Amino acid sequence: MSSDAPVIIFTHIPKCAGTTVRNVFNCIYGAERIYDPFDQPDFENSEKGAFDRYDVLFGHRHYGAHEKLTRPYRYVTFLRNPVKRLYSNWQYIRTHSSHRDYEKAIKYDNVLDFYANGGEPWGANGMTKMLAGYDPRTIDNVDHIIGRQASRNLNTYYFAGTSDLMELSLVCLRQKMDWKTIPFCPSRQNASQYTAKLDLETKIQLSDYCNEDLELTLEVLSKLANCGEALVEEAKDLTALHKIAVNVFGPLCNTMQYSKSLNDRAKKAVEIYGTQAHVTTIDDDTFDRAKAYVSKFEAGL
């Protein structure tokens, strides 16, 4: 990339589609051009400009990383329904013994008890903390002033998508970055598998721990809702392709090595599905949309 091109700084909020977005960046820029994770001490203690050679900085680091760069920069992040994120985060920690808060999480069989007893730094209003420019480990209480700071940063410096509207977010990101295509990237299941059907009372009580995060997420959803008909249609095509791919490859879609060659694999998925007359889980419109999107791959949009 040119030294005049902006460095993409991805604020990876835990449990917010980071793996999928990382795969997209791998396809477009190449793994060697990405510094991940950049939330480590070698970045924090580096001289200004030391990481200018990378095109993407990716990690669980709050807003402010641009202060280490001399190149232009552009922030990107993905949010998620905050209530679902809190539950998913709790479940994830409880099933990963290497996590720093594992011992604390397994003490509580109820998600509300976990957050009532402090939770973990990236949990309650964690999205707001990071986007406002705070290391979540250094701040406990998030008030509306911090929430407005996060909102200002979000609206001034960031492209923001949401894992709740994944395909629409990806095509809007494609337009923002002036990419020709979005690589074949069906979302991984590591986030959704931890989200259960929470009862209404639990959802209401969990929302008390993420009130500022809820406001930020609504801002992002509102912007995505006004992206324009052309991008909405493109997102539908991409969604159709992902459905076809998951139908053909099944769980393999979530474990494949992601690379530019997966554009060919997407085409193969459609070809294979077209020969499976006995499979009826995908309607004709979805199949037609998937074929159309593969054609866009080949034409470069």
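S.K.: Got a sec to walk through the sheet that holds strand β5 (residues 158-162)? Specific residues and values, please.
M.R.: Spatially, five strands are ordered β2-β3-β1-β4-β5 in an open sheet, and the strand pairing comes out parallel. Every other strand in the sheet has two partners, leaving β2 (34-35) and β5 as the edge strands with one partner each. The sheet contacts of helix α1 (residues 18-29) involve β1 (7-11), β2, β3 (56-59) and β4 (73-79), and relative to β3 the element is tilted by about 160 degrees.

S.K.: Got a sec to walk through the pattern of salt bridges? Specific residues and values, please.
M.R.: When the charged atoms of two side chains with opposite charge come close together, those side chains can pair. A full pass over the atoms with the stated rule returns twelve salt bridges. Asp135 serves as the salt-bridge partner of Arg137, at 2.8 Å between the closest nitrogen and oxygen. Here Glu219 makes a salt bridge to Arg148, at a shortest N to O gap of 3.5 Å. Of the two residues, Glu219 is situated in helix α10 (residues 211-225) and Arg148 in helix α7 (residues 144-157); the sequence distance between them amounts to 71 residues. Through salt bridges with shared partners, a single ionic network connects Arg33, Asp55 and Arg71.

S.K.: Talk me through the packing of α7 against α10; I want residue IDs and the actual numbers.
M.R.: Put simply, α7 and α10 touch, their axes get as near as 9 Å, and they point 25 degrees apart. When the axis of α7 is compared with that of α10, the two are roughly parallel. You can see that α7 and α10 cross each other, and the crossing is right-handed. For the pair α7 and α10, the contacting residues are His144, Gly147, Arg148, Ala150, Ser151, Leu154 and Asn155 in the first and Glu212, Glu215, Leu216, Glu219, Val220 and Lys223 in the second. Residues belonging to the contact of α7 with α10 are distributed by class as follows: four nonpolar, four polar and five charged.

Analysis parameters
Residues numbered from 1 in each chain as written. Predicted model: local features only at pLDDT ≥ 70, side-chain atom pairs only at ≥ 80, totals over all residues. Heavy atoms only, no water. Pairing = 2+ DSSP bridges. Helix = DSSP H or I, 4+ residues; strand = E, 2+ residues; numbered from the N terminus. Contact = heavy atoms within 4.5 Å. Axes fitted to C-alpha atoms, helices over the stretch in contact; angles between N-to-C directions. Salt bridge = Lys/Arg side-chain N within 4 Å of Asp/Glu carboxyl O. Parallel < 35°, antiparallel > 145°, perpendicular 65-115°, else oblique. Left-handed = near helix turned anticlockwise from the far one by under 90°. Nonpolar A, V, L, I, M, F, W, Y, C, P; charged D, E, K, R; others polar.

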